[in-house]
Amino acid sequence: MEALIKVKRYNPEESEETYFQDYSINVAEDSTILDSLIKIREEQDGTLSLRCSCRASICGSCSMRVNGSAKLVCKTRVKEISPDGEFITIEPMGNFKVIKDLVTEMDSFWSKMKSVDPYVKTSFEPEAEHIASNESMTHLLGVMNCIMCGACVSECTAMEVDPTFTGPAALAKAYRFVADPRDEEANSRLGKLNENTGVWDCTRCLACVEVCPKDVAPMERIVKMRDLAIEEGYTNTSGYRHTESFNDSIKKHGRLDETRLALESTGLLNISGLIDLAKIGIKSLMRGKLPPILPHRPKDMKKVTSIAERLDNQGKEEE
Amino acid sequence: MSKHDLLIIGAGLAGLRAAVEGVRQGLNVAVITKVHPVRSHSNAAQGGINAALTDRGDDWRDHAFSTIKGSDYLADQDAVEVMCREAGDAIIELENMGVIFSRDDEGKLGTRAFGGQKKARTYFVGAITGSALLHVLYEQSVKYNLHIYEEWFVTKLIKEDGRIAGAIAFDIKTGQMEMISAKAVVLATGGAGRVFEPSTNALICTGDGLSLAMQAGVPLMDTEMIQYHPTTLAGNGILLSEAARGDGAYLINSEGERFMEKYAPEYMELASRDVVSRAEQTEIDEGRGVDGCVFLDLRHLGKKFIEDRLGYLQEVALEFRGIDLSEKPIPIKPGMHYIMGGIKTDLNGATNVPGLYAAGECANVSVHGANRLGANSLLDTIVFGRRSAIESVEYIKSVKDVEIDPKELSREKSRIQSILDRPKGMRSAELRDKMGSTMTKGIGVWRDTESIKYAIEGMKSIRGQLPNVYVENKGKVFNTDLTSYLELEFMVDVAESICQGANARFESRGAHFRTDVTTRNDKDWLKHTIVEYNGEELNTSSEDVTITDWEPTERVY
């Protein structure tokens, strides 16, 4: 079978410009994209650089963009992406600097990983193992499945706007300790994760959940840590105020009161934040984009109230 | 030039465990690795790690006996005793570090059964035990703020006055070559599976440490002992863990028969790996296979059980074969998996070169002998990784800094440059493929005088063609064309030593099964084969096996 592959090339020793190069390679029917790239490197073009090792989706080396979205190429078959022999476009992961061709600079990834103190903290030194339920360990297995391939970070929309965001991979790692019954620092971890660049910076776009090759579901872990942080009393954040204001606004007006949401999320005592907000308000006003000062009321407010009540009750039952 | 007390080459489980110990002992430690630590091949160990926990009625001596019987009495029994005695503490320490081991109903560590042992003593994390351990040791490396040369490629060990003085390596990201001086070095570079094709091993498993040691005058031992794992996928050789059989899966032939009944009536699917692989190959050779495979059948275990305990196997089966293990048996065959042989060390990882140690798959302590039990490899890395670092402490205190001749670096630089300057010729992958098929054909599940001779001759020709290989990529940044060639040089060294070991051992023992001498010969061959490079050629010799309490008897499963 012929695989047609378009690779984004970059070689800093030659030029700062990137370019696309087309390859055509003969591979077996069930070949993966990694098989094809290796074959290209070994038979046609020794200058092509990529990372790969295990070929079995456990080492996390070979995450790259396939037709615009990050995948582990060792577990992605050519046929699946290109059933009728279409060109497949391979690029390095997004949100990373590129070293050469498909090889990305992972330093920022590892330093973020390190920033969440990624090791169990316990003062207790038992003579045998810690006693823990199998359920708690199996639950952690969901996050321990993370192979640190970087696919989630590649597609993270929050990180694209704000590279200082801790990001889905490191936050999923953080959850592994927050939820580990052996760790004694869950509270202080949550406090730290609640600060700027932490759990509230996620925009809940779901991209990380979608691209994760190991079903780690980073966003769900981030949302869970928000809940846990609130439970632990970490409520002095714009994220938490945003959530509360949103909730109140719907219950009271049946619609989002955007002006109030902005004010309350910023915090009514946060003077510098309010000044910044005022600047945005003025700009919006000039362009005719300022939301109405008083929100419209929906026709059937009763329905909205009953939905809100039902959701509240459901939340209580789950607890 | 950077200076360290202890330089560890390789950042898999053995390397990281050694490094953590070195830091705890107050040494200035650095780890150098050609891939980021979590990319290391320890990741791929799926099933678990063995230990006899005495506080729940298990006996390390029973574990030791199973290991020795599994080794077909080739393991040094004093080494096995050390490993099995220290296993319990090793597991508890790993748990305390944060490994999320599976639990029993009381919340204590839970076990699964594994091959070659009557008692279930394999501790595990789903079917990703190696990965779960590796990531926790990486966590510890962050906790201890370990100095890691990440993505650096070691090309040579440096000796001065007969003792180790450091290594020469280059940063793969920049091509910058440097001398790294160290009073002691631990080789923890893992296996050499890529010498064969196919293999379950990752592409990075190219025997670097075995070759580096050999070139530094360290003997390799029992290199002919190559483990063929009973359950690998045809074609790409990807592994399906023994955990499946440990948790109750069957092996069936084309007639739906559980054929292990004929070969190992007592242990059935959980006989030693060499025994199961030979049984499978016999079934296939005698026409009871399909397309060169027999089948691993998990259907009776049920979907939920498979997904909870063997999730990664299900993922591999679905992704690579489109098979749901709860619905269909999956075709498997014996595939090259592990090298029991390796760098000859004492019980503390020390080699014959002062200051040079080895641990993990690249080393041969020897605890696995002629056949390794499943779930003993992770244990080997943890126990002997730690011991080698501890052993280095006194040595490091006792020696002064050594002056390295600066010419060493310039000589190595020009050697690499001369490779890059070669005229257009053969690509390294072509020669590597030739080596892979030669070795698989010559040193397979079955071998005989003729096949071994075929491999020796084949390797001679491949060695001869090495200078014709050229490196197309002349750049400095992430030049994998160059590293692939250097890896091929390492592999050719290892392949030749494997052939020599196989040629020397004129008997059948464990994984080394000769169809022309099918029996074990304790009178002449209760011995290790030793292969040594004297600067010009390989010399072979032999050395007695250490027997403590377990006299060799017939091995029946």
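Residues numbered from 1 in each chain as written. Chains lettered and ligands numbered in written order. Predicted model: local features only at pLDDT ≥ 70, side-chain atom pairs only at ≥ 80, totals over all residues. Heavy atoms only, no water.

All names here are of chain B. Judged by pairing direction, the sheet is mixed, and its five strands sit side by side in the order β17-β15-β10-β18-β19 without closing on themselves. Strands at the two margins of the open sheet, each flanked by one partner only, are β17 (363-364) and β19 (538-544). Note: strand β18 (residues 527-533) against β19, seven bridges, orientation antiparallel. Pairing of Glu532 across the sheet is with Asn539, part of β19. The sheet contacts of helix α5 (residues 208-215) involve β10 (220-221), β15 (342-344), β18 and β19, and relative to β15 the element is tilted by about 35°. Across the sheet, helix α15 (residues 480-504) lies against β10, β18 and β19, angled at about 140° from β18, the strand it touches most. (Pairing = 2+ DSSP bridges. Helix = DSSP H or I, 4+ residues; strand = E, 2+ residues; numbered from the N terminus. Contact = heavy atoms within 4.5 Å. Axes fitted to C-alpha atoms, helices over the stretch in contact; angles between N-to-C directions.)

This next bit is on the pattern of salt bridges. All names here are of chain B. The tally for this structure, following the rule as stated, stands at 78 salt bridges over all chains. The salt bridge partner of Lys304 is Asp308, with a shortest N-O separation of 2.5 Å. Of the two residues, Lys304 and Asp308 both sit in helix α9 (residues 303-309), four residues apart, roughly one turn of that helix. For Lys304, a relative accessible area of 60% gives the class exposed. With a relative accessible area of 39%, Asp308 lands in the partly exposed category. (Salt bridge = Lys/Arg side-chain N within 4 Å of Asp/Glu carboxyl O. Buried < 20%, exposed > 50% of the residue type's maximum accessible area, 1.4 Å probe, protein only.)

With that settled, consider the domain arrangement of chain B. All names here are of chain B. Segmentation of chain B into domains returns domain 1 (234-334) and domain 2 (407-540). The centre of domain 1, based on its C-alpha atoms, is set 31 Å off from the matching centre of domain 2. Contacts between the two partners involve seven residues from domain 1 and, on the opposite side, five residues from domain 2. For the domain 1 and domain 2 pair, buried surface summed over both sides reaches about 460 Å², with 69% attributable to carbon and sulfur atoms. The three residues of domain 1 that bury the most area against domain 2 are Asp274, Arg278 and Gln281, which together make up 75% of that side's buried surface. At the junction of domain 1 and domain 2, the tally comes to zero salt bridges. Counting across the domain 1 and domain 2 interface gives two residue pairs in polar contact (both at pLDDT 80 or more). (Domains from an automatic or database assignment. Buried area = accessible area lost by both parts, 1.4 Å probe. Polar contact = N/O pair within 3.5 Å; in protein donor to acceptor, adjacent residues only side chain to side chain.)

Attention now goes to the domain arrangement of chain A. With domains assigned, chain A is organised as domain 1 (2-104), domain 2 (107-231) and domain 3 (238-318). Domain 2 of chain A and domain 3 of chain A are separated by 29 Å when their C-alpha centres are compared.

So, on to the sheet that holds strand β4 (residues 69-72) of chain A. All names here are of chain A. As summarised here, the arrangement of the five strands in space is β2-β1-β5-β3-β4, forming an open sheet in which the pairing is mixed. The open sheet terminates on both sides in strands that have one partner only, identified here as β2 (19-26) and β4. If you compare each strand with its neighbour and ignore which way they point, the axes differ by 35° on average. Those strands touched by helix α1 (residues 33-44) are β1 (2-9), β2, β3 (63-66) and β5 (88-91), and its axis lies near 95° from that of β2.

The next subject is the packing of helix α7 (residues 168-178) of chain A against helix α10 (residues 218-231) of chain A. Residue and element names in this part refer to chain A. Direction vectors running N to C along α7 and α10 enclose 50°, while the axes themselves pass 9 Å from each other. By the angle between their axes, α7 is oblique relative to α10. When the axes of α7 and α10 are compared, the crossing they make is left-handed. Along the contact surface, α7 presents Pro168, Leu171, Ala172, Ala174, Tyr175 and Val178, while α10 presents Pro218, Arg221, Ile222, Lys224, Met225 and Leu228. Partitioning the contact of α7 with α10 into residue classes produces ten nonpolar, no polar and two charged. (Parallel < 35°, antiparallel > 145°, perpendicular 65-115°, else oblique. Left-handed = near helix turned anticlockwise from the far one by under 90°. Nonpolar A, V, L, I, M, F, W, Y, C, P; charged D, E, K, R; others polar.)

Contacts between the two partners involve 63 residues from chain A, matched on the other side by 62 residues from chain B. Summed over both partners, the interface of chain A with chain B buries about 5000 Å², with 53% contributed by carbon and sulfur atoms. Area buried by chain A at its contact with chain B is led by Arg55(A), Ile58(A) and Glu129(A), which between them contribute 15% of it. Counting the contacts that link chain A with chain B gives nine salt bridges. Its salt-bridge partner being Arg182(A), residue Glu95(B) comes within 2.9 Å of it at the nearest N-O pair. For the pair chain A and chain B, the number of links is 36 residue pairs in polar contact (both at pLDDT 80 or more). Elements with a contribution of two residues or more to the side of chain A that touches chain B: α1, β6 (98-100), α3 (107-115), α4 (134-144) and α7 of chain A.

The next thing to look at is the packing of aromatic side chains. Under the criterion given, the structure shown has ten aromatic pairs over all chains. Between Phe109(A) and Trp110(A), the ring centres sit 5.0 Å apart and the planes meet at 90°, which makes this aromatic pair edge-to-face. The interplanar angle of 70° and the centroid separation of 5.2 Å between the aromatic rings of Tyr149(B) and Trp152(B) together place this pair among those described as edge-to-face. Each member of the pair, Tyr149(B) as well as Trp152(B), is classed as buried. Feature note: the residues Phe96(A), Phe109(A), Trp110(A) and Tyr138(B) constitute an aromatic cluster, connected by ring pairs. One residue, Arg112(B), lies across the ring of Phe124(B), its end atom 3.9 Å from the ring centre. Positioned above the aromatic ring of Tyr267(B), the side-chain terminus of Lys118(B) is 4.2 Å from the ring centre. (Phe/Tyr/Trp six-rings, centres within 6.5 Å; stacked < 30°, edge-to-face > 60°. Lys NZ or Arg CZ within 6 Å of the ring centre and 35° of its normal.)

Now for unusual backbone geometry. Across the chain, the bulk of peptide bonds are trans and the bulk of non-glycine residues have phi less than zero. In this model, Glu197(B) is joined to Pro198(B) through a cis peptide bond whose omega is 0°. As for its position among the elements, Pro198(B) is in the loop between β9 (177-187) and α5. The omega torsion across Val365(B) and Ser366(B) is 5°, close enough to zero to call that bond cis. Mapping Ser366(B) onto the fold places it in the loop between β17 and α11 (377-398). Backbone geometry at Leu206(A) places phi at a positive 80°, although glycine is not the residue there. For Leu206(A), the position within the fold is in the loop between α8 (186-193) and α9 (207-211).

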